[in-house]
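Coordinate inspection notes
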Amino acid sequence: MRLPLQKGPRKHARSLAACLLCCCCALFGLPDVSAQTKIIKGIVKDKYSEETIPFASLQFKNTGAGRLADAAGAFSFHLDKWPEDTLEITYVGYQDYLIPIDSALLSKEQNGIIELNVLLERGKYAEEVVVKRKIDRGLLMWRRIVRRKPFNDRYRFKNFSYELYNKLELDIKNINKERLQELRLLKNFSFLFNNIDTLEGAPILPLYLMESLSDYYYQKSPLKRREVFKASKTLGVNNESISKLLGGMDQNINFYNNFIPVFDKQFISPISDNGDAYYKYKVADSQFVGGRRLIHLIFTPRRKGENTFEGDCWVHDSTFAIQKMSLRLSKEANVNFVNQLSLIQEYKLIDDTTWFLSKDKFVVDVAPLGNSNLSFIGRKTSTYKDIAVDDESVVTELGKNKILEEIILPPDAMEKTDEYWSGARHEALSQSEASVYQMVDTLLSLPAYRKTRDNIYFLAVGYKNIGNYEIGPWYNWLSYNTLEGYRARFDLGTNKHFSKQWFLHAYGAYGFSDKQWKYKMDAMYLFNKNPRSYISASYKKDIDYGQTYYDQISQDNVFALAIRKSGVRMKFLMTDEKKIEGYKEWKNGFSILTTAAHKSFDPLRQLPPKTLFAPDDEKLATAEISIRFRYALLEKFLESAFNRISLGSPYPVAELKYTKGISGVFNSGYNYSKLSLGVSQYKNISPLGSVYYNVFAGKTFGTLPYMLLDIAPGNEIYYYNKYSFNLMNRYEFLHDRYAGINIEHNIGNGIFGFIPLVKKLKFRQFYSVRALWGGISEANRQYNMPPDSEYSFETLDGKHYLEVGTGIDNILKVFRIDLIWRVAPQPLPEEQYKRFGVFGSFRLSF
């Protein structure tokens, strides 16, 4: 049976045509599709932060054809031919960017495609023309965001957790390659300049990179936080405290809070509950992404010079949750050494309605020598994965905490391989970032680098390591006073290369006028660094230069003589002290310091002589034991091998100390008890600046010589001392019971923000109040101030001492001038210099 062939001829014709086409292609090649379709594509980014800019406007100027970039900043044009035109890219808050379609651009074509990396430079947000209208759409949008904050802030959840990846990069900007290569100091480091790139037209050199990967856990009530490091990469910096600071425990910035920390200051968030008092708002446009409408909101400061930002955000229409927010400091912001600063946060949906933080980025350009000179760029990028909210696994993990906040850094976390990092990073390193590790590896292996690093450390800090030992500080090598004349001193101590537990130290000092040697020897055994525990012993025979707690600049210092108050005689008390200490700290912030000491005293000049208390040339000696309890919840430290610096606590720090003097121990002659208590705190009180306070009190039970009583801390140099009474001399007031308060309020701009000519200088205002109440028993008065004594102490007799101060801070960004008045008691006519004083100080602060 024959099949029907009605459609055969057509089918055969199509097959024949296909065969002919294949033959033509074989003979003459495929047709050039690119001759028909031309493509221009790329990504729009912020030139400073390198973050993508969503929904930027792109338009050809001649034809008017255009489009918007997508939510990731990407765009593409498909054209029949290359146009003779100019592509204009615009976005609110940025300078317009023009790309001519000319021969230079066409030379970059590859297979009919031109790829662009568009970097927009920042400009001014256009000032909105004030038009009276019934509805302010920008203000209305802000109100909706604020109203929905309790439903969008991630801290509304009972608990949450995530995997956190942190990357911190440090670059040097404004590198003059030719000039630096001519320096002999850098002749061995020429390879560094191979990595020079450009940013905003300025040459930059990537210098250092740090990374960390951790699991972070949070519980709202009762408050608990936990961070477990999986990996930490800090080439050349083997310091556990620095690695912990790089994690998420201390780097949480929440745009939904009313205030956002910027260094040591608090800036007002654009979505603060009272943000309308500080910002102007404008709705720019809206876009649809994934079927969801996002509204573009712009905000600018109402007044210049306040702690506010300028920037924009994209807001989800129905939930009014932030999808992305970009903040930047204005040029008028009162922050030192900062040329530019950006904060960016992005949020993503983890279910149909819940937006959670997915990425934040902090970029700062620090220019201590001016914007056109050598400066530093710091970039910190954090990304969040594997987010879980209100999950029982979070509660289980937080149940392992021994304290409210716990950071776990296993030893092997700092030893992960490159292969591990390649698979663990949330985003791959760029080519320049990867080259940093190779550069740092090479740098650390160079003896010339280690020598240069050690010399800089010696000049800046004062100490120099020589093998297993260290010398310094150099600023104590030579000083001068009226008793010793020129005084030479030399210190020698061990370092971590000698031992990681034992620290040994000694110094010898010689006075060229009194021709006497003074010295000290001490040793410490460090059982544990965190929480800290140690035992130490010391022997010292030297002049007492004052209470170390209160003295910011010791008088055993090369700089002290130049700033000493004129007409104030130095007091000299020789001490011979043997002391043993034991210190134990717990993770909850509680610590105990126990001390046993034997001291003997010999007043040398400008103080009542020893014969007043020991007439038969007996030793004026005491033996005492003391115990100090201290509680500092969540106090953070920056640690070195044996020492550490407190970074403060968000809570008040309390101290209680009891001392018991015992007679008959190695010729000690006094029985007594001493009790003291103090509470102090440094606290931000945004938007009114910050305040430091210290409340203290104490009492001594027993009849004692003056050096064992409570001597009010005075200041005999013109360098301002935050912890002392600056218009009071040392050994001026004597008490056996006292109470006092020390308050310093740093306001910020204060009145200087309202004075047009002064406003640009960015001065800062502050005030201080110091008060002391004290008294002395009749027995101690008669013992220390007999009628025939040539030296007479003063006492408040239950009255008060009060000095108040104000002044100008941030002069030339580093100097501070304090104007201090002594309100009570009034000084004697011959001591009018105690009524008012001008003090200076130097500090580096943002």
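Up top you'll find the structure we're talking about.
What this report covers is the structure whose coordinates are included nearby.

Thresholds applied
- Residues numbered from 1 in each chain as written.
- Predicted model: local features only at pLDDT ≥ 70, side-chain atom pairs only at ≥ 80, totals over all residues.
- Heavy atoms only, no water.
- Pairing = 2+ DSSP bridges.
- Helix = DSSP H or I, 4+ residues; strand = E, 2+ residues; numbered from the N terminus.
- Axes fitted to C-alpha atoms, helices over the stretch in contact; angles between N-to-C directions.
- Phe/Tyr/Trp six-rings, centres within 6.5 Å; stacked < 30°, edge-to-face > 60°.
- Lys NZ or Arg CZ within 6 Å of the ring centre and 35° of its normal.
- Salt bridge = Lys/Arg side-chain N within 4 Å of Asp/Glu carboxyl O.
- Buried < 20%, exposed > 50% of the residue type's maximum accessible area, 1.4 Å probe, protein only.
- Core = buried A, V, L, I, M, F, W, Y, C linked by side-chain atoms within 4.5 Å.
- Contact = heavy atoms within 4.5 Å.
- 1 Å grid on protein atoms, 1.4 Å probe; cavity = no way out; pocket = protein on both sides within 12 Å on 5 of 7 lines; lining within 4 Å.
- Points joined across faces, edges and corners; volume = space filled by probe spheres on them.
- Nonpolar A, V, L, I, M, F, W, Y, C, P; charged D, E, K, R; others polar.
- Patch = residues over 30% accessible without salt bridge, like charges linked within 9 Å, V, L, I, M, F, W, Y side chains within 5 Å.
- Areas by Shrake-Rupley, 256 points an atom, 1.4 Å probe, with all protein chains shown as cover.

**A word on the sheet that holds strand 1 (residues 38-46)**
Two modes of strand pairing occur in sheets, parallel and antiparallel, and in both the strands are linked by backbone hydrogen bonds. The three strands lie next to each other as 4-1-7, forming an open sheet whose pairing is mixed. Of all the strands in the sheet, just strand 4 (74-79) and strand 7 (113-120) have a single pairing partner and so form its edges. Here the strands of the sheet are splayed against their neighbours by 20° on average, with no regard to which way each runs.

**Digging into the sheet that holds strand 5 (residues 86-90)**
Within the open sheet, the four strands sit side by side as 3-2-5-6. Their pairing is antiparallel. Every other strand in the sheet has two partners, leaving strand 3 (66-68) and strand 6 (97-100) as the edge strands with one partner each. Neighbouring strand axes in the sheet, compared pairwise and without regard to direction, differ in orientation by 15° on average.

**Examining the packing of aromatic side chains**
Within the structure shown, the criterion is met by 45 aromatic pairs. Judged by centre distance (4.9 Å) and plane angle (65°), the rings of Tyr480 and Tyr486 are edge-to-face. Clustering of aromatic rings is evident, with ring pairs tying together Tyr155, Phe160, Tyr162, Tyr216, Tyr218, Phe356 and Tyr384. Its end group placed over the ring of Phe637, Arg644 keeps NZ or CZ at 3.7 Å from the ring centre.

**A few points about the pattern of salt bridges**
For the structure shown, the criterion picks out 48 salt bridges. With a shortest N-O distance of 3.3 Å, Lys230 and Asp215 are connected by a salt bridge. Placement of the pair is Lys230 in strand 11 (residues 224-234) and Asp215 in strand 10 (residues 202-219), with a sequence separation of 15 residues. According to the relative accessible area criterion, Asp215 is buried, its value standing at 19%. What you see here is one network of salt bridges that share partners, running through Arg226, Glu397, Lys400, Glu406 and Lys587.

**Focus on the nonpolar core**
Side chains of nonpolar character tend, in soluble globular proteins, to be buried together. Judged by nonpolar contacts, the single largest core of 56 residues is most densely connected at Phe309 and Ile322. Once residues within four sequence positions are removed from consideration, Ile322 is found in contact with Ile145, Tyr256, Ile271, Cys313, Trp314, Val315 and Tyr347. Counting residues in each nonpolar core, the second largest holds 25 residues, with Val44, Phe60, Tyr91 and Leu120 among its members.

**Details of empty space enclosed by the protein**
The tally for this structure, following the rule as stated, stands at five cavities of 30 Å³ or more. Within this model, the largest cavity holds a volume of roughly 200 Å³. Lining the largest cavity we find 23 residues, and of these Asp46, Tyr94, Asp312, Ser326 and Ile344 sit closest to its centre. Residue assignment for the lining of the largest cavity shows that the elements contributing at least two residues are strand 16 (309-316), strand 17 (322-329) and strand 18 (338-349). Here the lining of the largest cavity is built from residues that sort into eleven nonpolar, five polar and seven charged.

**Observations regarding a nonpolar patch on the surface**
Together, Tyr469, Trp477, Leu478, Tyr480, Tyr486, Phe490, Leu492, Phe498, Trp502, Leu504 and Phe512 line one region of the surface with nonpolar side chains, adding up to about 1,100 Å² of accessible area. Among the elements of the structure, strand 24 (478-481), strand 25 (485-494) and strand 26 (502-511) are those that each provide at least two residues to the nonpolar patch. For the nonpolar patch, the element with the most residues is strand 25, which contributes three residues. Mapped onto the elements, Phe512 comes out in the loop between strand 26 and strand 27 (517-529).

Functional significance is not addressed by these values, which are geometric in nature.
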